[in-house]
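# Structural description and commentary
Listed below, chain by chain, are the residues.
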Amino acid sequence: MSKAEILTQLKTAEEQARGRRAKAEEEARQTIANARKEASAILENARVKAAAEAQSKIDKAAAEISTESKAMRAEGEKSAAALKASAAKNVSAATDSLIKEFERYVDVRASQNG
């Protein structure tokens with residue numbers, strides 16, 4: 001083989017090596033780009049899942065609070081009704097007591113004056 005043939009083969013081999021290197025670098029860039037896209041999709045999926053899970057927990061807590069609130073309100077209304085009924089029963093006795101106290105006061109004042 002002549003020196004010119006060897007130099008031509010070396011030049012061809014170097015060009016092929018550069019081509020393979022460029023191809024490998026492009027494949028590496030493409031692999032990195034694909035990995036970034038996949039990672040982004042995974043993160044977005046995780047965000048959506050976390051948001052849905054958080055909303056589910058919030059909805060569950062809100063339902064529990066609403067149920068508890070309704071129960072407490074019903075109990076409060078029941079207690080208020082019982083107090084009102086008890087107060088209604090005591091109005092007559094309280095009125096009689098006030099009238100007796102007033103009459104006693106009037107009698108005391110009348111006996112002092114004369």
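The structure this text deals with has already been given above.
Residues numbered from 1 in each chain as written. Predicted model: local features only at pLDDT ≥ 70, side-chain atom pairs only at ≥ 80, totals over all residues. Heavy atoms only, no water.

### Topic: the overall build of the chain
Threshold: Put simply, DSSP marks the helices as runs of H or I at least four residues long and the strands as runs of E at least two long, and each gets a number from the N terminus on. Only C-alpha atoms enter the radius of gyration, while the globule expectation follows 2.2 Å times N to the 0.38, with N the number of residues. Burial classes follow relative accessibility: with a 1.4 Å probe on protein chains only, a residue under 20% of its type's maximum area counts as buried, one over 50% as exposed, and anything between as partly exposed. A 1.4 Å probe and the Shrake-Rupley method give the accessible areas. Residues count as covered only by the protein chains that appear here. Lys and Arg are tallied as positive, Asp and Glu as negative. Neither His nor the chain termini are counted. Just so you know, the charge point we use is NZ for Lys, CZ for Arg, CG for Asp and CD for Glu.
In terms of helices and strands, the chain carries one helix and zero strands. At 47 Å, the chain has a C-alpha radius of gyration far larger than the 13 Å of a compact globule built from 114 residues. Across its three principal directions, the C-alpha atoms of the chain cover 155 × 30 × 10 Å. Out of the 114 residues belonging to the chain, those deemed buried represent 0%. Total accessible area computed for the chain in this model is approximately 10400 Å², and 59% of it derives from carbon and sulfur atoms. In the chain, 21 positive and 18 negative side-chain charges are present, and the distance between their average locations comes to 4 Å.

### Section: a nonpolar patch on the surface
Cut-off, in case you're wondering: Each patch is built from residues lacking any salt bridge and having more than 30% relative accessible area; the joining distance is 9 Å for like charges and 5 Å for nonpolar side chains (Val, Leu, Ile, Met, Phe, Trp, Tyr). Only one rule defines a salt bridge in this text: a Lys or Arg side-chain nitrogen within 4 Å of an Asp or Glu carboxyl oxygen.
On the surface, M1, I6, L7 and L10 cluster together to form a nonpolar patch covering roughly 420 Å² of accessible area. Within the fold, I6 resides in helix α1 (residues 3-113).

### So, the pattern of salt bridges
Per the stated rule, a full pass over the model turns up seven salt bridges. The closest approach of N and O atoms between E14 and R18, which form a salt bridge, is 3.7 Å. Linking E14 with R18, this pair stays in helix α1, spanning four residues, or about one helical turn. Note on E14: relative accessible area 45%, which makes it partly exposed.

### Looking at α1
What counts here: Under the convention used throughout, the expected extent of a helix is 1.5 Å for every residue step, that is, one less than its residue count. Two axes enter the bend calculation: one fitted to the seven residues ending at the residue in question, the other to the seven starting there, and the bend is the angle between them.
Taking 1.5 Å per residue as the helical rise, α1 with its 111 residues ought to reach 165 Å, and the 152 Å between its terminal C-alpha atoms agrees with that figure. The largest bend in α1 comes to about 35°, at N90.

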